[in-house]
Amino acid sequence: MPKILTFHQALDQASTSGKKHLLLGNGFSISCRPDIFRYGKLFEQADFANLSPNAKEAFERLGTMDFEHVIRVLRDGAALADLYGAGKEVTTNMSSDADALKEVLVKTIAASHPEKPSDISDAEYNACKGFLNNFDDVYTFNYDLLLYWTKMHTEGRLTSTSDDGFRTSQNDIDSGIESDYVVWESSQSHDQNLYYLHGALHIFDSGTEIRKYTWKRTGVRLIDQIRTALENDFFPLFVAEGSSDEKLERIRHSDYLAKAYRSFESIQGTVFIYGHSLAENDEHYLRVLENGKVSTLFVGLFGDASNASNKRIIARAEAMSLKRGPKRPLTVRFFQSETARVWGR
């Protein structure tokens, strides 16, 4: 069994290893509200009880957990059903299932996090800011709004600066009219240091631009903005496919997600992993660490280091070091996640 450090011991050891980067998994959100964020995937959280059996079966038939993809396939199918003699009933059922899945998605999103930023206390925000301020760049797999809320929180003792790459659009600047959202463009993201690797619930792909909805520009809760966007066929940008290869394929077809992937490929120095189990379905990013330029990896372990889950994490992390070999060594160390006290407890 390897030595298990405290978080602050790990920070001390990383102080001479160059830049420090943070990779967050769903444990980041679970540690804030375990009763809400216990399930990491939107598909697993969704309640299909009031839908037709075909609606859920459609995910299995298409081999995806991507709500947007299934809804669009159902819409396209409904548009063509009459042409191929399927009849009005089939068309109606497909359209109804598409509408119902949109509502399930909205309800699932709403259930994935507290309703408003004030549900998190100033003490919790400040503790989280103190944790985040240890790192130069933050990469997250999480879809929810906790990280965004923390970065936007202005009350209390600590500040937490970050740049997620979103700016006022050039169209707004030219017209002098401010949109309800800000946009991401690769040419304006040079100073970006916050990356949603699998997308996020407040980031939308309109087809021609990547938009981030904010409370500041509208005074409307993000959950309500998300509902309105879905009603207008704007879907959150998130990667929910089942396998690592499927996720990577989705990433490569999005300019925003691909830029985040390239950024992660380029990092050097030290990476801290907090709240992530090094799961097989995220191998596309674990392989980046294996083959990349990072020199030291600190992996957080929750609970008893000798339990089966942590043994698997330890084995996968140590395999990364072995894969590197002596010519480009990767030092792997472990810390007790609870000692980071991310939310002050």
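Quick summary incoming for the structure in this document. (Residues numbered from 1 in each chain as written. Predicted model: local features only at pLDDT ≥ 70, side-chain atom pairs only at ≥ 80, totals over all residues. Heavy atoms only, no water.)

Notes on the state of the cysteines
Then comes step 1: One pass over the structure, following the stated rule, counts 0 disulfides.
Then comes step 2: With no disulfide of its own, C32 lies 7.7 Å from the sulfur of C128, the closest cysteine sulfur.
Then comes step 3: For C32, a relative accessible area of 2% puts it in the buried group. (Disulfide = S-S within 2.5 Å. Buried < 20%, exposed > 50% of the residue type's maximum accessible area, 1.4 Å probe, protein only.)

A short note on the pairing of strand 11 (residues 293–301)
Then comes step 1: Within strand 11, 7 of the 9 residues are buried, which leaves the element mostly enclosed by the surrounding structure.
Then comes step 2: Pairing geometry for strand 10 (residues 268–274) and strand 11, over 6 bridges, is parallel. In the strand pairing of strand 11, I273 is matched with V299.
Then comes step 3: Assessed by its sense of winding, the connection that carries the chain from strand 10 through helix 13 (residues 283–291) to strand 11 is right-handed.
Then comes step 4: Pairing analysis gives 6 bridges linking strand 11 to strand 12 (residues 331–336), with the strands arranged parallel. Paired with L301 across the bridge in strand 12 is Q336. (Helix = DSSP H or I, 4+ residues; strand = E, 2+ residues; numbered from the N terminus. Pairing = 2+ DSSP bridges. Right-handed = clockwise from strand over helix to strand, strands pointing away.)

A short note on the pattern of salt bridges
Then comes step 1: In total, this model carries 14 salt bridges according to the counting rule given.
Then comes step 2: Between R221 and D224 there is a salt bridge, with its nearest N and O atoms 3.3 Å apart.
Then comes step 3: Given a relative accessible area of 31%, D224 falls into the partly exposed group.
Then comes step 4: Connected via shared salt-bridge partners are E283, E290, R316 and K323. (Salt bridge = Lys/Arg side-chain N within 4 Å of Asp/Glu carboxyl O.)

Focus: the packing of helix 11 (residues 244–252) against helix 12 (residues 255–266)
Then comes step 1: Between helix 11 and helix 12, the shortest axis-to-axis distance is 6 Å and the interhelical angle comes to 110°. The pairing of helix 11 with helix 12 is recorded here as roughly perpendicular in orientation. Touching L248, R250, I251 and R252 of helix 11 are L257, A258 and Y261, all from helix 12.
Then comes step 2: Split into classes, the residues belonging to the contact of helix 11 with helix 12 amount to 5 nonpolar, no polar and 2 charged. (Axes fitted to C-alpha atoms, helices over the stretch in contact; angles between N-to-C directions. Parallel < 35°, antiparallel > 145°, perpendicular 65-115°, else oblique. Contact = heavy atoms within 4.5 Å. Nonpolar A, V, L, I, M, F, W, Y, C, P; charged D, E, K, R; others polar.)

Brief notes about the packing of aromatic side chains
By convention here, two paired aromatic rings are described through the distance between centres and the angle between planes.
Then comes step 1: Within the structure shown, the criterion is met by 24 aromatic pairs.
Then comes step 2: Judged by centre distance (5.9 Å) and plane angle (75°), the ring pair of F7 and F272 falls under edge-to-face. On the criterion of sequence distance, the pair formed by F7 in helix 1 (residues 7–14) and F272 in strand 10 is long-range, its members being 265 residues apart. Exposure class is identical for F7 and F272. Each is buried.
Then comes step 3: Three or more aromatic residues joined by ring pairs form one cluster here, namely F7, F131, F135, F272, Y274, F298 and F335. (Phe/Tyr/Trp six-rings, centres within 6.5 Å; stacked < 30°, edge-to-face > 60°.)

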